Amino acid sequence: MPGKIKVKVLAGRNLPVMDRASDTTDAFVEIKFGGITHKTDVCRKSLNPHWNSTEWYRFEVDESELQDEPLQLRLMDHDTYSANDAIGKVVISLAPLLTREAGCASTGAAGGAVLSGWLPVFDTLHGIRGELHVVVKLELFSDFNKYKTSSVGVQFFHCPMIPPGYQATAIHGFVEELVVNDDPEYQWIDKIRTPRASNEARQVAFIKLSNQVQRLVGLKAAELGANAVVGYQQDFDLEGEAGVVARAIGTAVSIKPLPNPQPNNLPPCTQQSERERDKCDKDKGSPKHARHESFGGREVGSSNAQNVSLNSSSTPLGIHRRSSDSDLSVTPKGGSQNASVGNIGGGAILRPSMNSNNLDMLEYPFLTMTEFPPGFIVHIGGTVCSRSVKLVDGGGESAARAAWWAELRTEIRAHARALRCTAVLGYSERASVREDVCVLSASGTAAVINLDCDLATDDTVTVGDNAEEEESCGAAHVPYSPGAPPYRAELAGCGGCRRARVPTVLLATCAKPSRLVSYGKSVVVTAVAARGRRAPPSAEPGARDLSDQLPFLEYELHKLLLAKLRMQGANALFSLQTQVAIGERCVMALASGAAVRLAALPPPAPPRIKASEKDKNAMEIQKALWDTFNANKATNGYDVAPEHIPNGVLPECEGEEAPALELCADKDTCVLELDEAEDVETARALAERRPASVLMSSALRPARAPPHAFTQVWRARIGGGCQAERMVSSALAAARYKLRRLQPAALAAPTYHLDLPDDEIQLVVSGTAIPLQDPSKLEPAVERNGNQDDDDIFALDEEQLAKSPPDQVEEKNNGPGPGRVALSSGAAAGAGGAGRRVCALRLLFVRETTAVRELGGLSGFLHTFTCEVMAIVRAYTAALGGNALTSFYMTQLMLQDNAHKNQGQCLLSVGGDVVHVT
């Protein structure tokens, strides 16, 4: 048998009262894996039971089953004369343990990977109901079968960059997978089984789907010769009765840990010397070795294997270039490679690696990473996006869904080629489903990349000579010929080198390249556009209507986003996210990103009003726009003195007085026409002065305090696009108010989830606040950030602060203290200390309640559920040996309520990278 699981249940605590007569509980645990179930003894009349048995419950299973199936611990209350009552469940996915165990098995370390700790018992109807102290051990045996269907040995990272503490030796390219299955919620048995049984069946089914998709993505990465997948994104499309689609995309890479002295307090299986790690990579039993052996290739991680590394200059072994391979519609075919690799289907082809020679040959030269080392991005062409409206049929098939996404990817690649770009960075995919109509969106940033740059994760840049200065603005230069652009583009001279051409506005889905010089702060900018629907939201008429509305919606959103960008005094937007929400009577689109003022791009002019001179209303709006524009520029630090502005070219309207009304016929991107009442309302909304949410300021640096994750929920009646705009602003303002005790603090780029259920608009905002310290006020900032606990709602009194000994403050500032787990949506767990990645963690929860009003409405219900989920995530992170969870995400798959029945239901997917910060 390739794998052995050993489980021990030690104790429970804080269990609910199940026996009203004695106010106690007769607890026992059912341990289930696959089709095998074990039971512990019954611990009589105790709310804090201890099972004295030292017995290990064993399961011997296959590797692929270990990856797909979760371990389920069901806590029960024993009843003598009636059926046993369910208290709750602990569902453990073994994928995180498998990643660590692969390293242990290859080095011959005894004991295997261990998960040990107190895990909350979760019930889908009542939330957390106590905790169980569980120990789970996993041992793997060497497997020489090259046709195996598991991907053990491939690590997964959610962080959108090469993980800190690792160095990339090769980037192999884009990997994707898609699985369609039935949704247990829509099965006939649901009509007769209890809500708890139905919810648990759904939760387990989704966890299995999640594990299965990860295993298949790992297989594809192993076939490419990679040992890790970074920028891993996983999503679920709920298609109702048609089923559920689990999708995953990522970037396959070969990585090796940087030589670092390992501290003694790291979790098991991470205290390995470099020699042991190298031995681990070269082990004959690893999946990538088996796959390379089958086509005569050499080891990827070894120093002499240059055939697939980035720095190589020769075509990889077994790949012959053909003239037809560069065609957009042609996939590299089986005839162009001289061997195939055994897979589930038996005929998977080894695809080319992503190096300089065969970048054009790749079917999809996409990278899901958003942050790159200096020098990797040569030129940014701009954002490329593709959308498609599809009608979901009754029986969902994987091949049909995969073909839909393949169409979008081919179109994205064509757009990137038109911009003379070789790759697409920050690539992501989204789907929005309403009844049987589905909108698929794919977006990324077309760019020219340098695969021969140093891929070490060192971001320090020294600008000394002219060559370096030229490189500092190179990413902003247009990659296409300025004389014959692929579309009508407004170009200007570069403010850095003064030779190349740059766009007047730059939009990108990736993070800002570290070498691009910018002024002031980064500011969160959001825009919402809405259009009414003219047909019912389902069937073919609804799909056709939606398809007709999308181009106009895109245009309105783009126009509003550019106007808001200019109003902030910025000329570039990074980390751009867009999404479409379909409602009964309208369709909405939301865009958000981090606005910056780049030195290489020309300074923006304020939006102008186009109306008649007699219109006093327009004159007032024009003056308000002018005042707001100047105030925003000053606040954000974008009001650079004229001598510092490159080229010395200033816009005509930079005088003392507000510019005159625009009366010319031709339109510009920064001209607002006041034709209708809606336009006047939009112009007034732009003129309103709102405090911007700052992402990061160059004057302040991160404090050595753990970051604070937050989630905010808003729900209101639909009242048009302007109301949605106000709602987005108020959601961020409320989050800022709740986090006011952290000041000064920076905001990591927040994520939005927009939904339109039943004539209402629902917005979920989640993000991370990073405590900062002002160099001029170092001591007070340290005190304020160091002495607050993660779960405090109110600030501590000054007396309590004074009583804290100074050494306690220092200890808390060095990262998360003992028993505390920090959650961060960024790739790092704070400013202080180095962290070693332990494994990736992904969990899925279903929660239902019949007391929505008692919990404070739907928003209160979701907040309660979110707090429970964060507590469970922290417990799992600690049990796996970590003290921080980076690249943390919380995706809300479904949130709905029935006001008449006082009923609510929610489905959440959470995850991140478990890190041990020293």
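Whatever comes next refers back to the structure up there.
Conventions and cut-offs
- Residues numbered from 1 in each chain as written.
- Predicted model: local features only at pLDDT ≥ 70, side-chain atom pairs only at ≥ 80, totals over all residues.
- Heavy atoms only, no water.
- Core = buried A, V, L, I, M, F, W, Y, C linked by side-chain atoms within 4.5 Å.
- Buried < 20%, exposed > 50% of the residue type's maximum accessible area, 1.4 Å probe, protein only.
- Helix = DSSP H or I, 4+ residues; strand = E, 2+ residues; numbered from the N terminus.
- Contact = heavy atoms within 4.5 Å.
- 1 Å grid on protein atoms, 1.4 Å probe; cavity = no way out; pocket = protein on both sides within 12 Å on 5 of 7 lines; lining within 4 Å.
- Points joined across faces, edges and corners; volume = space filled by probe spheres on them.
- Nonpolar A, V, L, I, M, F, W, Y, C, P; charged D, E, K, R; others polar.
- Pairing = 2+ DSSP bridges.
- Axes fitted to C-alpha atoms, helices over the stretch in contact; angles between N-to-C directions.
- Expected span 1.5 Å × (residues − 1).
- Phe/Tyr/Trp six-rings, centres within 6.5 Å; stacked < 30°, edge-to-face > 60°.
- Lys NZ or Arg CZ within 6 Å of the ring centre and 35° of its normal.

Student: Just to check I follow, could you spell out the nonpolar core for this structure?
Tutor: A general tendency of soluble globular proteins is for nonpolar side chains to be buried together. By size, the foremost hydrophobic cluster in this structure holds 64 residues, and its most contacted members are Ile-5, Ile-92 and Val-136. The leading source of residues in this core is helix H15 (residues 857–879), at 11 residues. Excluding residues that lie within four positions of it along the chain, Val-136 makes contacts with Ile-5, Lys-6, Val-7, Leu-71, Ile-92, Leu-94, Leu-97, Ala-113, Val-114 and Leu-115.

Student: Quick question: what am I supposed to make of empty space enclosed by the protein here?
Tutor: Which parts of space are left empty comes out when a probe the size of a water molecule is rolled across the atoms. Here the structure, examined in full by the defined rule, presents 19 cavities of 30 Å³ or more. Volume-wise, the second largest cavity comes out at about 170 Å³. Lining the second largest cavity are 17 residues; nearest its centre among them are Val-90, Val-91, Gln-203, Leu-844 and Phe-845. Going through the elements one at a time, strand S6 (85–93), strand S7 (113–123), helix H3 (195–223), strand S33 (835–849) and H15 are the ones with two or more residues in the lining of the second largest cavity. Its residues assigned to classes, the lining of the second largest cavity comprises 11 nonpolar, three polar and three charged.

Student: I tried to follow the pairing of strand S30 (residues 751–755) on my own but got confused; where do I start?
Tutor: Taken residue by residue, a regular strand's side chains alternate between the two faces of the sheet. Only one face of S30 is buried, namely the one carrying Tyr-752 and Leu-754, since none of Thr-751, His-753 and Asp-755 on the opposite face is buried. Strand direction decides the pairing type here: S30 and strand S31 (residues 760–773), joined by five bridges, are antiparallel. When the bridges of S31 are listed, Asp-755 appears paired with Gln-762. Remark: four residues form the turn of the hairpin made by S30 and S31, two consecutive strands paired antiparallel; Asp-758 in that turn has positive phi of roughly 50°.

Student: Which parts of the structure should I look at to understand the sheet that holds strand S11 (residues 228–238)?
Tutor: Working definition: the strands of a sheet are paired by backbone hydrogen bonds and lie parallel or antiparallel to each other. Across the sheet, four strands lie side by side as S9-S11-S12-S10; this open sheet has mixed pairing. Each of the sheet's edge strands pairs with one partner strand only, and the pair in question is strand S9 (155–156) and strand S10 (166–181). Across nine bridges, the pairing between S11 and strand S12 (residues 244–257) is antiparallel. Residue pairing in the sheet places Val-229 in a bridge with Ala-252 of S12. The strands touched by H3 are S9, S10, S11 and S12; relative to S10, the strand with the most contacts, the crossing angle is about 135°. Strand contacts of helix H6 (residues 398–418): S10, S11 and S12, with the helix running at about 135° to S10, the strand carrying the most contacts.

Student: What is the right way to look at H15 in this model?
Tutor: Because each turn of an α-helix spans 3.6 residues, side chains separated by three or four positions in sequence point in the same direction. For H15, with 23 residues, the first-to-last C-alpha span of 33 Å sits near the 33 Å given by 1.5 Å per residue. Looking one or two residues past H15, Gly-881 carries a phi angle of roughly 100°, positive in sign.

Student: In this structure, what is going on with the packing of aromatic side chains? I would like to understand it.
Tutor: Ring pairs (aromatic) are described by centroid distance and by the angle formed between their planes. Taken as a whole and assessed by the stated rule, the structure comprises 13 aromatic pairs. With centroids separated by 6.1 Å and ring planes inclined at 55°, the aromatic side chains of Phe-33 and Phe-59 adopt a geometry described as tilted. Of this pair, Phe-33 sits in strand S2 (residues 27–33) while Phe-59 is found in strand S4 (residues 57–61), placing the two residues 26 residues apart along the sequence. There is no split in this pair, since Phe-33 and Phe-59 are both buried. Cluster of aromatic residues (ring-pair linked, three or more members): Phe-174, Tyr-364, Phe-366 and Tyr-427. Taking NZ or CZ as reference, Arg-13 lies 4.0 Å from the ring centre of Trp-118, over its face. The residue whose ring lies beneath Arg-409 is Tyr-364, and the NZ or CZ to ring-centre distance is 5.9 Å.

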